[in-house]
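# Secondary and tertiary structure notes
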Amino acid sequence: MVKSPRGIILLLCLISAVILFGYPLLVDLSRPCDAVASEFGAVAVTAGIPGGSVIQITAPCPDGGVLCNARIYLVDPDGMYHVVGKGVFGSSESVVWYIFHYQRPEAGAPEYWITDDTEMVFTRTYIESVEPFEPRGIWMIEIVPLRDDAVASELSVAL
């Protein structure tokens, strides 16, 4: 039995180290969501965009899957969820997608949109300009496929 305070502290440190370093060895890290998430990537893009920034997502969409047939949500730095509406879609085989902020005047319309059409965010073909993401900080992107057997993915980006 450990009787000194120093011995108790050393014992607690040893137990903590075993938990912190041993846990990843005990958990199955080969779950399907880890493999799916590796196909996705997100970055903030500010250059060449009138008005604000956009989130650029790299994600495969073969045969109309993944982002084409998914519900997408943004979680702002304050923890508020935002539904992402579907903007103009150019191709069902797109790999690069853009999420942008644009408030429409209609009641109940989403504030955030996703598109694979670069003209929607880089030109004024469809809208005057995108709006900045507020508040500043880390935004989470949740991609929830509509298929029951598909796995949801999460991405984050600093804006």
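Reading guide: rules and limits
Residues numbered from 1 in each chain as written. Predicted model: local features only at pLDDT ≥ 70, side-chain atom pairs only at ≥ 80, totals over all residues. Heavy atoms only, no water. Pairing = 2+ DSSP bridges. Helix = DSSP H or I, 4+ residues; strand = E, 2+ residues; numbered from the N terminus. Axes fitted to C-alpha atoms, helices over the stretch in contact; angles between N-to-C directions. Salt bridge = Lys/Arg side-chain N within 4 Å of Asp/Glu carboxyl O. Buried < 20%, exposed > 50% of the residue type's maximum accessible area, 1.4 Å probe, protein only. Polar contact = N/O pair within 3.5 Å; in protein donor to acceptor, adjacent residues only side chain to side chain. Contact = heavy atoms within 4.5 Å. Phe/Tyr/Trp six-rings, centres within 6.5 Å; stacked < 30°, edge-to-face > 60°.

### Looking at the sheet that holds strand 2 (residues 54-58)
- Pairing within the open sheet is mixed, and its eight strands lie in the order 1-2-5-6-4-3-7-8. Pairing within the sheet leaves two strands with one partner each, and these edge strands are strand 1 (41-45) and strand 8 (153-158). Each strand axis lies, on average, 25° off the axis of its neighbour in the sheet, ignoring direction.
- Relative to strand 7 (residues 138-145), strand 3 (residues 70-75) runs antiparallel, the two being bridged by six bridges. Paired with Arg71 across the two strands is Val144, which belongs to strand 7.

### Observations concerning the pattern of salt bridges
- Considering all chains together, one arrives at two salt bridges under this definition.
- The partner of Glu106 in a salt bridge is Arg104, and the shortest N-O contact between them spans 2.8 Å.
- On the basis of relative accessibility, which here comes to 40%, the residue Glu106 falls in the partly exposed class.
- Judged by its relative accessible area of 39%, Arg104 falls in the partly exposed class.
- Ionic pairing is found between Arg124 and Glu128, a salt bridge with its closest N-O pair at 3.5 Å.

### Digging into the pairing of strand 4 (residues 81-86)
- Relative to strand 4, strand 3 runs antiparallel, the two being bridged by four bridges. What sits directly across from Val75, in strand 4, is Tyr81.
- Following strand 3, the chain reverses through five residues before pairing antiparallel with strand 4; Gly79 in that reversal takes a positive phi of roughly 90°.

### Brief notes about the environment of Gly51
- If you trace the backbone, Gly51 turns up in the loop between strand 1 and strand 2.
- Considering only alpha carbons, one finds Gly51 and Glu128, 77 residues apart in sequence, at a separation of 8.7 Å.

### Points about the environment of Ile72
- Residue position: Ile72 is located in strand 3.
- Ile72 sits 72 residues away from Val144 along the chain, and the two C-alpha atoms are 6.2 Å apart.

### Quick word on the side chain of His82
- Note on placement: His82 falls in strand 4.
- One polar contact links His82 to Asp76, side chain to side chain, over a distance of 2.9 Å.
- Those residues in contact with His82, other than ones at most four positions away along the chain, are Ile72, Tyr73, Leu74, Asp76, Tyr112 and Trp139.

### Brief notes about unusual backbone geometry
- Here the amide bond leading from Glu134 into Pro135 is cis, since omega sits at 0°, within 30 degrees of zero.
- Here Pro135 is to be found in the loop between helix 3 (118-122) and strand 7.

### Description of the packing of aromatic side chains
- In total, this model carries five aromatic pairs according to the counting rule given.
- The interplanar angle of 75° and the centroid separation of 5.2 Å between the aromatic rings of Phe133 and Trp139 together place this pair among those described as edge-to-face. In this pair, the class of Phe133 matches that of Trp139, namely buried.
- The rings of Tyr112, Phe133 and Trp139 are connected pair by pair, giving a single aromatic cluster.

### Describing the environment of Ala42
- You can see Ala42 is positioned in strand 1.
- Dropping the residues within four chain positions of it, Ala42 is found in contact with Ile55, Gln56, Ile57, Ile141, Leu155, Ser156 and Val157.

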